[in-house]
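Architecture at a glance
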Amino acid sequence: MNADNRKGELVELKNQLRQLAGSRAPGVEDVKRELYKKVISYMTIGIDVSSLFSEMVMCSATSDLVLKKMCYLYVGNYARGHPDLALLTINFLQKDCHDEDPMIRGLALRSLCSLRVMNLVEYLVGPLHAGLKDSNGYVRTVAAMGVLKLYHISPSSCTDNDFPAMLKTQLLQDSDAQVVANCLCALQEIYLAEASRSDGSLKDRDSLYTTSVIYLLINRIKDFSEWAQCLVLDVVSKYVSSNPEESFKMMDILEDRLQHANSAVVLATIKVFLHLTLSMADIHQQVYERIKAPLLTLVSSGSVEQSYAVISHLHLLVLRAPTVFASEYKHFYCRYSDPSYVKKLKLEMLTAIANESNTYEIVTELCEYAANVDVAIARESIRAVGKIALQQYDVNAIVDRLLQFLEMEKDYVTAETLVLVKDLLRKYPQWSHDCIAVVGNVSSKSVTEPKAKAALVWMLGEYAYDMLDAPYVLEGFVENWAEEESAEVRLELLTAVTKIFFKRPPESIKMLGAALAAGLADAHQDVHDRALLYYRLLQQGVEIAERVVNPPKQAVSVFADTQSSEIRDRIFDEFNSLAVVYQEPSYMFLDKEHRGPIELTEDTGILPMDSKLSNDVLPSQHVEANDNDLLLSASEREESRGGVGNGSYAYSGPDLSGFDTPSPAAPSNNASLSSTSHTSPAIDDLLGLTFPAAPVPTSPSLKLKPKPLLDPATFQRKWSQLTIASTLDHTLSQPAALPSPQPLLRHMQAHSIECMASGGQAPKFKFFFFAQVADSPPSTGFFLVEFVVNTSSGISQAKVKADNADLVPAFGDLFVSTLRKFGSS
Amino acid sequence: MLHCVFLLSEHGEVMLEKQWMGQQVDRSICSWFWKQLHSGAKGHVPSVIAAPAYYLLHIVREGITFLACARSEMSPLLGIEFLGRVADVLSDYLGGLNDDLIKDNFVIVYQLLDEMMDSGFPMTTEPNILKEIIVPPNLVSRVISVVTGGASNMGRILPSATSSNVRWRASGIKHANNEIYFDLMEEMDATVNRDGFLARCEVYGEVRATSRLSGMPDVTVTFTNPSILNDVSFHPCVRYKSWEANQKLSFVPPDGSFKLMSYRVKNLKNTPIYVKPQLSSGEGVVTVNVMVGIRADPGKPVDSIVVQLPLPPAVASSDLSANHGTVTHNHNTKISTWNIGRIPKDKAPCLTGKLHLAKGLDRLHEYPTLLVGFKIMGVALSGFRNDKVDIEHVDYRSFKGFRALTRAACYEIRT
């Protein structure tokens, strides 16, 4: 329909409506109904029919309910845009509010409240008052929600007319459960909004979570509709039970809710149970057993959308109680018809619940997916096998399976498997013999993905003794240097060629020369630098170079975890929320009122809501982002050091973070991947001596190391593992001296307290500091501080965590005295 | 709280929108969503995602997408369950779900959405109560409206259940013939892995009831072997304590048809029929041989046996035939379907033939999964059986009936 045509039709409609307005002829209602239907159908497909507003209102005098409803719908849609015309509707809506039919009263009241026009608020108050006192429950339910709508339009006229108090009375006294539920719903919203509007006190809202209200609600739980039950259960989960007996009694009353057909009710009940038993470890465990069956039923019997949301919750529970679901692994087998987002989540579940008792079955199942038609799932399942292998002790069978993948001769399967075999070898060097025999058969031509290529090259370099043709395969790679697009592969190639040179020099010297020459000429700076470094090391002597590049290795014990336990704990508090489905705490993406005390995202400004969300299409992508949120990126850190830093972090590869640091005397034993780029602590210490000596620490009781070293990942790990040992409140004497973080950083640094990360905008700044006890071994004796300061008020708070809790008081004194000196010096 | 619901057609067109909050959500969110849905592999967009300013929950039923927007933290299950209920109610009212039905009946859909949610919170979703508020557009009401002249499809009385103390049942219900039927419907989920082992086999069952009883009847149903059930969930009318104490279902039924209970029985040892595929590939050709037969006789005939073979993308053409039943191939979906029906007494049904791989491929690397369907009338596969039904608090005789049916829901054979 083109624009002219449509305009014509609208004019036509307008005329017809106008003619009908005053008519009382028989059958006029039918004509009206047809016309209304036409108007609404235009509205439905998105055509603006607001120009008919006055005609629609004129025709609204009718006793036909369907006509009325269509009219209400129309008016509700366009009143906001036409506040002046909306006044026309008030008259007939108010009249309908006094109709003898309770349904019409209810409908009219709902429509009246849905107009949402500011200057019509005065017409709402009367009907709402009457509605709340109506003899019919239906009208009262509408009125209770109407109060909330009024509040959204004009908070002051809602509170001034004492509506919240009326709702509260109704909540405690009304005989109709639906009215009670609606009052509860409206009150919660209003109190929450009130708190943020005025003084931020949640006193009013907390008055809903008192024993008397909670008991009243629980005792009536069966009267409520399933949705109202969800609401009530959510309120109950916020109640803190005073003693175990009370908790037991509550759980006893609510237990049959776990058998409800509505999954939302079941989840809300589970949340209540988990919260009530948080402090009772053994009962908490029993709760897991109790909720297992209902949850598993929801996983397999409902719609895929439902099972996705439920499995997300199970995933969370599994992190807390891995053994509970271990025997139920079959529920997480993928079905052919599952959409890939469900399959992916199920793979994660299978990985998470794998233990000694079920690994064999789970791995057998996962191996079948490797031949799945869906390539993404095939890849994921191979990765899952690898993850299980890395977390198990008995990997015998798994290694065999992995090696079978290589025989499938499917490019992506080979690629994923090579990466895994590499990781496995780093953790379980004892399997090298079996693995290498099979890897040796892989044709290097069939490997095209950079990650897989790099893995293959690493293995060739590492196990040059076991693979006869290793030098010749590598030679092929070196010859194709110019065609190799991935810097990762070229870096790996340099290292592998150098390593193989130490082992089988005659066969590889020519290739080494070629590789170094190509590397020095490489446009990529890391490749160039690494080539140069190897070249210089080799100039110092082959033995020295070998000691640095290829020292004996220790097996990797633990690979870095992806999501900190602190974040997982937080999500756990938000059980039965969208946050769980996202696998992120909601304070990371929702509005302020849901944020916890740690307002990191706001402080650092790293995660402004919009930019975050626009990237946020799939939940799992943000695990990495999470980690980075906690600490600023490397470049910012350098900046904040104000140029005083020694630059020793510049090359530290992120994947080294999970490695155990060896004793200072020996060079890093993990250097195989990017050995030269990672300077060992010992060398850092040496370098540190060339800098001007740091001022002597002021506190005699505790001496801090002048230049403590700690890499961000270790900091983060320690931060999540340790508990807060002390919280220090301090008011800065001259807060105005802090327009930017830099002066404070330099000041603290001068007193041997280094900054790991800082962020925020005036007047609120946040810092992460660390310090180390003098004379302690490299990886111990650290103090970690989260320091939040408000520069306008000068109020600051420091949360201290420490490896050695005994030293915390002394460190606290030192920290505060250092702060005190700031600004006065 | 849900801000609004959009109903999107199969092609992503907004058929209908319903806003519940003051701040209206712009329709443009739908095109954003549609783009997400079609920007990657099929099935990669989870049911809960984040859009620039909202959280979007969606479900798809019969090709129609029900899309809801939320702005603050809420229970995801509440949203998904509600959308599912909307789909169920609409399908019940309109006698199915498709673009035309929704467009033709938009006035009814608006009325329903209006009653089902207020201010973003679910209200009345019980179909029996909704039908008292809004009369479905079925033949009966059309006939009545013609006769009486009042062409309103609107209940003139307020649902009496709102004033009844049993919220799912109105007071003063009268029927000329008093009867209650129970349908035991079981669905079998099973996966046979590549080695031919039954990796898992579970049964999901439902007891659906259709009640046309006058007054306030109190019904008790007993079963012969309730202990085999692993997990149960009930309609709100069922008294849980009675089930817990002596495994009896005791309830005052809603009027009309409703889902009385659902249950799960895990780890069945056997499937009623076996399907044994053999695929061997080489030189660009895959030789297929699939045998089907009875494994554990359920006591009643196994009907409507269908074996579907979705061909992997690497397969260029297929040439399959069977000694019993018919074989058809859908070129769009690349699914070959073998319709067996009932297994004959005199021979074992067998599907044989060859799949030709695309040029350059020697062997098949992705193994297809066979999907099997069947139906058994008169038997609940799990062995769950009713014992008797008692009706109290009534002074009439009533007819009671029980039926059972088993279907394969998700019976997969990996090759």
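Residues numbered from 1 in each chain as written. Chains lettered and ligands numbered in written order. Predicted model: local features only at pLDDT ≥ 70, side-chain atom pairs only at ≥ 80, totals over all residues. Heavy atoms only, no water.

Using the following cut-off: UniProt positions are given in the numbering used here, feature names are shortened, and annotations may be inferred rather than shown by experiment.
If you look chain B up in an unreviewed UniProt entry, it shows as MHD domain-containing protein from Sphagnum jensenii. Check the Subcellular location (unreviewed entry) section of the UniProt entry for chain B; it says "Endomembrane system". A UniProt comment under Sequence similarities (unreviewed entry) is attached to chain B, and it reads "Belongs to the adaptor complexes medium subunit family."

Going by an unreviewed UniProt entry, chain A carries the name Beta-adaptin-like protein and comes from Sphagnum jensenii. According to UniProt, the comment filed for chain A under the heading Subcellular location (unreviewed entry) is "Endomembrane system". Its UniProt record gives chain A a comment under Function (unreviewed entry), which states: "Subunit of clathrin-associated adaptor protein complex that plays a role in protein sorting in the late-Golgi/trans-Golgi network (TGN) and/or endosomes. The AP complexes mediate both the recruitment of clathrin to membranes and the recognition of sorting signals within the cytosolic tails of transmembrane cargo molecules."

1. Remarks on the domain arrangement of chain A
Residues and elements named next belong to chain A. Under the convention used in this document: Domain delimitation in this document rests on an assignment produced automatically or drawn from a domain database. Contacts: residue pairs with any heavy atoms within 4.5 Å of one another. Summed over both partners, the accessible surface that disappears when two parts come together, traced with a 1.4 Å probe, is what is meant by buried area. By definition here, a salt bridge exists when the distance from a side-chain nitrogen of Lys or Arg to a carboxyl oxygen of Asp or Glu is within 4 Å.
The domain boundaries assigned to chain A delineate domain 1 (3-240), domain 2 (329-440), domain 3 (443-552) and domain 4 (603-821). Computed from C-alpha coordinates alone, the two centres of domain 2 and domain 3 are separated by 29 Å. With 14 residues of domain 2 in contact, the opposing surface of domain 3 contributes twelve residues. Interface area for domain 2 against domain 3, summed over the two sides, is near 1200 Å², with a carbon-plus-sulfur share of 75%. Run the count over domain 2 and domain 3 and you get one salt bridge. Between arginine 379 and glutamate 449 there is a salt bridge, and its shortest N-O distance comes to 2.6 Å.

2. Focus: the UniProt feature "domain: MHD" (unreviewed entry) in chain B
Spelled out, the test is: Here a helix means four or more residues in a row that DSSP labels H or I, a strand means two or more in a row labelled E, and each is numbered from the N terminus.
In the numbering used here, UniProt assigns the feature "domain: MHD" (unreviewed entry) to residues 177-414 of chain B. Note that residues 177-414 of chain B is 3% helix and 60% strand, and that its end C-alpha atoms are spaced 50 Å apart.

3. So, the pattern of salt bridges
Basically, it comes down to this: Buried residues are those whose accessible area, probed at 1.4 Å on protein chains only, stays under 20% of the maximum for their type, while exposed residues exceed 50% and partly exposed ones sit between those limits.
Across all of its chains, the model carries 46 salt bridges over all chains by this definition. Residue arginine 290 of chain A is joined to glutamate 255 of chain A by a salt bridge in which the shortest nitrogen-to-oxygen separation is 2.7 Å. Here arginine 290 of chain A is found in helix α17 (residues 281-301), whereas its partner glutamate 255 of chain A is found in the loop between α15 (244-254) and α16 (263-276), with 35 residues between them in sequence. Given a relative accessible area of 24%, arginine 290 of chain A falls into the partly exposed group. The salt bridge partner of arginine 27 of chain B is glutamate 17 of chain B, with a shortest N-O separation of 2.3 Å. With arginine 27 of chain B in the loop between β2 (14-19) and α1 (28-37) and glutamate 17 of chain B in strand β2, this pair connects stretches of sequence that are ten residues apart. Through salt bridges that share partners, Arg110 and Lys149 of chain A together with Lys18, Asp114, Glu115 and Asp118 of chain B make up one connected network.

4. Points about the interface of chain A and chain B
Test applied: What qualifies as a polar contact is a pair of N or O atoms within 3.5 Å, subject to a donor-acceptor requirement within protein and to the restriction that residues adjacent in sequence count only when both atoms come from side chains. Each residue gets one label: Ala, Val, Leu, Ile, Met, Phe, Trp, Tyr, Cys and Pro are nonpolar, Asp, Glu, Lys and Arg are charged, and the others, such as Gly, are polar.
Across the contact, 105 residues belong to chain A and 91 residues belong to chain B. Summing both sides of the interface, chain A and chain B together bury roughly 8600 Å²; the carbon and sulfur share of this comes to 56%. Applying the counting rule to chain A against chain B returns ten salt bridges. With a shortest N-O distance of 3.7 Å, glutamate 115 of chain B and arginine 110 of chain A are connected by a salt bridge. For the pair chain A and chain B, the interface holds 34 residue pairs in polar contact (both at pLDDT 80 or more). In terms of residues, the side of chain A that touches chain B owes the most to one element, α17 of chain A, which gives seven residues. Among the residues making up the side of chain A that touches chain B, the classes are represented as 51 nonpolar, 28 polar and 26 charged.

5. Describing the sheet that holds strand β10 (residues 218-223) of chain B
All names here are of chain B. Rules: Here a strand pair is declared whenever DSSP counts at least two bridges between the two strands. The angle between two axes is taken between their N-to-C directions and runs from 0 to 180 degrees, where each axis is a line fitted to C-alpha atoms and a helix contributes only its stretch in contact.
In space, the three strands of this open sheet follow the order β12-β10-β22, with antiparallel pairing throughout. What marks the edges here is a single partner per strand, and that holds for β12 (248-251) and β22 (386-392). Across this sheet, the average inter-strand angle for adjacent strands is 15°, counted without regard to direction. Where β10 and β12 come together, four bridges link them in antiparallel fashion. Each bridged residue has a counterpart across the sheet, and for valine 219 the counterpart in β12 is phenylalanine 251.

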